[in-house]
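Overview (structure and organization)
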Amino acid sequence: MKLIKLDAIDSTNDFLKGLSNEQQLENFTVVTAENQTKGKGQMGSVWDSEVGNNLTMSVFIKDSVSEVNQIFVLNVGVAIAIVQALENFNIPNLMIKWPNDIMSYNFKIAGILIENSIKSNGTIHSIVGLGLNVNQTNFINLPKASSLSVICDAQFDKEKIMYEVIEQLKRNIVIMSEDPAALWLEYTNRLFKKGIPMPFKVNSNQNFMGIIQGVSSYGKLQVLLEDDRVSEFNIKEIQMLY
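The notes below deal with the structure included here. (Residues numbered from 1 in each chain as written. Predicted model: local features only at pLDDT ≥ 70, side-chain atom pairs only at ≥ 80, totals over all residues. Heavy atoms only, no water.)

1. Section: the environment of Glu115
As for its placement among the helices and strands, Glu115 is situated in strand β6 (residues 107-118). Sequence separation between Glu115 and Glu87 is 28 residues; the distance between their C-alpha atoms is 26 Å. At 2.8 Å, the side chain of Glu115 forms a polar contact with the side chain of Asn13. A distance of 3.2 Å separates the side chain of Glu115 from the side chain of Lys17, its partner in a polar contact. (Helix = DSSP H or I, 4+ residues; strand = E, 2+ residues; numbered from the N terminus. Polar contact = N/O pair within 3.5 Å; in protein donor to acceptor, adjacent residues only side chain to side chain.)

2. A short note on the sheet that holds strand β4 (residues 94-97)
Pairing is mixed in the open sheet, where seven strands are placed in the order β1-β2-β3-β7-β6-β5-β4. The strands lining the two open edges of the sheet, one partner per strand, are β1 (3-9) and β4. For this sheet, the mean angle separating the axes of adjacent strands, direction not counted, is 20 degrees. Bridge analysis of strand β5 (residues 101-104) against β6 gives four bridges, and the strand direction is antiparallel. Following the sheet pairing, Ser104 is matched in β6 by Phe107. On top of the sheet, helix α1 (residues 12-22) reaches β1, β2 (30-36), β3 (55-62), β6 and β7 (124-132); it is set at about 30 degrees to β3, its chief contact. The sheet strands contacting helix α2 (residues 71-87) are β4, β5, β6 and β7, and the helix crosses β6 at an angle near 145 degrees. (Pairing = 2+ DSSP bridges. Axes fitted to C-alpha atoms, helices over the stretch in contact; angles between N-to-C directions. Contact = heavy atoms within 4.5 Å.)

Structure, rendered in structure tokens:
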């Protein structure tokens, strides 16, 4: 794989996206940055990260999916890859909070942002962005965030974690074409708060109780309601109150 290390950049996703528009990139080209000034989260939210303490990276992936309706399976493969990589560093109690947050216990330790583009020949290229809290210890005003260092009371090598994430990701890209059902099962089993009655809030600011059942093939969260109906919700349409 080709690795590009930057000291500072506004967004590794934007940098890699621009690079892919200018030249033919090797599959699994990786960009990392010690300081990301305008990190992006889901649906335009911001990802803040302490300079030098965390893993901020983006990966270029091409031809992992062939049709638009298969795009969410890449999210599944990526999320599982990160969980698998972190388990190799003995990070405890790892779960996936729909759609793309990685949790340890009840704390968010990582966020994923995948941006896809469809080329004129029909191929799909993806930029997979990962922000992982590694050695940061200060989370003032972020009560639901934590890091590998805080959780494990240890320091971690960011580069070793990065290489492990890439290896697991390459493995899962293969599984996506050979046995996607296995990835879906792992993803569903890893869903944060799955099967537990939980309060939710929808965009209208109405609160309700529900139980997470799973995620649809299009990436919608499936929630069992009190009237025994299962409703599906898009990203940012629903908020879990935990």
